[in-house]
Structures are given as C-alpha cells and as structure tokens.
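Results of the structural survey
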Amino acid sequence: MMNLEPLFQALISEPAFRLKQAQHFIFHELGSDWSQATTLPPALRQRLSIDFPLDIDHKLYRSKDGRSIKALITLSDHAQIETVLMSHGGRQSLCVSTQVGCALGCLFCATGRLGFKRQLTPWEIVQQVLLWQRYLKDQGEKVTNVIFMGMGEPLLNYDHLLEAIRFMRSDDGFGLGSRRFSISTIGIIDKILKLANDEPEINLAVSLHATTDAVRAELIPFHENYTLAELRRALVDYLKLTKRKIMVEYIMIDDVNDSLDDARRLAKWLRGIICVVNLISYNDTGVYAPTPPAQIKAFKTELETLGLEVTQRYKLGDDIAAACGQLAGHDANS
Ligand code: SAH
Ligand code: SF4
C-alpha cells in the first residue's frame, strides 16, 4: 500500500471504508474536486479539500502533429517536473519523471544539466499518471503503458519508484499489470540485479549510447564507476532471472558514437543478449550535433545485417522539446 500519508491522517478518525471510498474517488472515478465525492459526508469533503487537495498544478504543451503532449507540473515546493503522453497505434504511453533534476550529469541531457534537486515521493510519481488518466477519460481512453524515462535516474529512487508502481498495479490504484511498466536506467548495476529479483516482470530499458568505455565515460561521467564489460555481465544475469527482452537505448550523436565501426562493436557487445535496439535522434541541447538521417539509416542497416532487431524512435513532438528536462530547464533559465 502506498504511503498516501496526508490522506490517511485526514481519515484517521473515520471508519475504514471511508479510505476505500476516498481512493475509489481519486483513482477510479478520477475526480479532481472533493466536492464531487458524493459518497462522503460534506464535512469530510471539506476537510479533505484542505488536507489532501486533488488539483495538480500544470501547464500543457502540445506538439504540432498532435501525437504528443507534455505537462510541466509545479510541485508544492515550486519544483518543476515533466511528463509526456504519446498516443501511437492505439497505445497511450507515458514518459514519467522520478526525480527533480539528476545527479549523473550526462553531457547530452538537459536534465543532467539541472543537477540533482530531490527525490520524488511515491505520490508525486503516481500523480503524473493520474494527470493523464484524467486527461484521457474525456476521450474514453486510458493509460496503457508507463515508461520511467522522464527526468531523473529511476534506479536511484528505487524504493519510492517501486512503491508507486506497486500501488498503480493494485486494484486500489489503476490495476495496470507489471508488464505495462518499463524502467529506463543509465546502468546502475546493483539495482538492475535487485530489480530482476524483486520485480522480474517489469521491463528494463538501458541507455547505452556508446560502444567503448572512453566514449561512454565522456558522454556519461558516471560511467567512470564501472566498465561496459561489467554492465554487460549485469544484463546477462538480469536475463537469466527475468527472460524479458531488454530495450537498448542509443542516442545518435554526430561523429561521436555513430560510425559503422560503432554499429559493429554494438552488435558484438549485444551478442547473446535478448534485446531490441532503439535508435534515438539526438535532440539538440547545444552540446553536440545530431547524426544526419542518412547515417542513422546506414547504422540501422548495419545492425540489422548483423542480426539485431532495431527500432527508431519517432521524432515525436520535437517542437515541444519532448526529451524530458528541456522544458523545465528552459523555464528555470528564462
Ligand atoms: N536516467 C534514465 C532515464 C531518464 S533519461 C536514463 O538515462 O535512461 C531521459 C531519456 O531521455 C533517456 O532515454 C535519454 O536517453 C533521453 N535523452 C536525454 N537527453 C536527450 C537528448 N538530448 N536527445 C534525445 N534523447 C535524450
Ligand atoms: Fe540523468 Fe538519464 Fe539525463 Fe543521464 S540521461 S543525466 S542519467 S536523466
């Protein structure tokens, strides 16, 4: 059960079924105003609207193609986080944040440049999904997939993240199955193995972005703490425990990691690892240049020739700065 502490406190002197009713109103009826919670007595509604307000302070930014929408949420301490809804092929996929900022400082990443501010609470993680459930309700749709690939490193907020997922999976929450969730990590080896033991049905995405230790350490300073060989061993062990296909994320950066030699090294590194490689166009954050489309195509073809399954992330919502962290970064700097 997730720690919705202020909600419990507000209901502490009430009979137990009141908590069930309140949760039903929040997570099933998707109510955003306690005055509409007609199963509850008026005095209690009044109290809840003060002790556990349901409005989520946010601004929406729509992409021109209409397929992705980003919400910039302002939290109670004025910190800002981002979450994105992508509608694609009947799926309603969310990109969700787990921290305010990120401590790992990857050079290509807008969130990395903000630095680490704080962990999100389980309730702040759940609220992002709740926001989109409310939004989709009017269209007769529901969230189908959640990937923790927003701001922050999910595996460095492990306990809160798992608490949030377990709640969203429960009948009190949204009843979303484990396989609807994916966690994207830069490669926190011990937590990858912990996840495989704790929750083998949750999907794993690994942000690889490089095929040599030197390039990876340049892009991802945190990589200094381990080697590609050690990361590979962790993925092998992960697969032994979960047998679930890993998503390998690879941002294409001009003249840094996008040569055909890189493609060959990548294929070699991935030999024996059940995975799909997702090539991502670098969203220009002013540090590097994106790989030209023709080179992405050649890189993809090389990987496919070498037997890998490859997808290319759509450039969904370029115009709303869809790579997470870019919007909060803008607002903070402007
Ligand atoms: N910390 C985790 C999850 C969030 S990172 C991780 O690194 O996997 C946010 C996601 O946005 C990652 O998939 C990252 O690869 C991607 N990203 C960050 N900066 C980007 C950029 N400039 N262009 C394209 N994708 C970017
Ligand atoms: Fe953090 Fe991921 Fe950005 Fe790296 S890419 S700074 S790990 S959010």
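Residues numbered from 1 in each chain as written. Chains lettered and ligands numbered in written order. Predicted model: local features only at pLDDT ≥ 70, side-chain atom pairs only at ≥ 80, totals over all residues. Heavy atoms only, no water.

To continue, consider helix α6 (residues 158-169). If you check α6, its first and last C-alpha atoms are 16 Å apart, about what 12 residues at 1.5 Å a residue would give, namely 16 Å. Every buried residue of α6 is accounted for by Tyr-158, Leu-161, Leu-162, Ala-164, Ile-165, Phe-167 and Met-168. Along its buried surface, α6 packs onto α2 (16-28), α5 (122-137), β7 (145-148), β8 (181-185) and α7 (189-198). (Helix = DSSP H or I, 4+ residues; strand = E, 2+ residues; numbered from the N terminus. Expected span 1.5 Å × (residues − 1). Buried < 20%, exposed > 50% of the residue type's maximum accessible area, 1.4 Å probe, protein only. Contact = heavy atoms within 4.5 Å.)

The subject of this paragraph is the packing of aromatic side chains. As enumerated under the stated definition, the model contains 10 aromatic pairs in all. A ring pair is formed by Phe-222 and Tyr-226, whose centres lie 5.9 Å apart and whose planes are at 65 degrees; its orientation type is edge-to-face. One aromatic cluster in this structure is built from Phe-27, Phe-52, Trp-123, Phe-167 and Phe-174. (Phe/Tyr/Trp six-rings, centres within 6.5 Å; stacked < 30°, edge-to-face > 60°.)

Lining the immediate surroundings of ligand 2 are Cys-102, Leu-104, Gly-105, Cys-106, Phe-108, Cys-109, Gly-112, Gly-152 and Ile-186. Per-class residue counts for the shell around ligand 2 are six nonpolar, three polar and no charged. (Near = heavy atom within 4 Å. Nonpolar A, V, L, I, M, F, W, Y, C, P; charged D, E, K, R; others polar.)

Time to look at the domain arrangement of the chain. Domain assignment breaks the chain into domain 1 (1-55) and domain 2 (56-333). The distance between the C-alpha centroids of domain 1 and domain 2 comes to 33 Å. Between domain 1 and domain 2, the residue contacts involve 16 residues of the former and 15 residues of the latter. Interface of domain 1 and domain 2: buried area, both sides summed, is about 1,400 Å²; carbon and sulfur atoms make up 62% of it. In this assembly, domain 1 and domain 2 are joined by one salt bridge. Scanning the region where domain 1 abuts domain 2 turns up five residue pairs in polar contact (both at pLDDT 80 or more). Considered class by class, the residues forming the side of domain 1 that touches domain 2 number eight nonpolar, five polar and three charged. (Domains from an automatic or database assignment. Buried area = accessible area lost by both parts, 1.4 Å probe. Salt bridge = Lys/Arg side-chain N within 4 Å of Asp/Glu carboxyl O. Polar contact = N/O pair within 3.5 Å; in protein donor to acceptor, adjacent residues only side chain to side chain.)

Compared with the 18 Å implied by 1.5 Å per residue over 13 residues, the 18 Å span of α2 between its first and last C-alpha is a close match. Buried within α2 are the following residues: Arg-18, Ala-22, Gln-23, Phe-25, Ile-26 and Phe-27. The inward-facing, buried residues of α2 abut α1 (5-10), α3 (42-51), α5 and α6. Remark: Leu-30 follows α2 within two positions and exhibits a positive phi of approximately 60 degrees.

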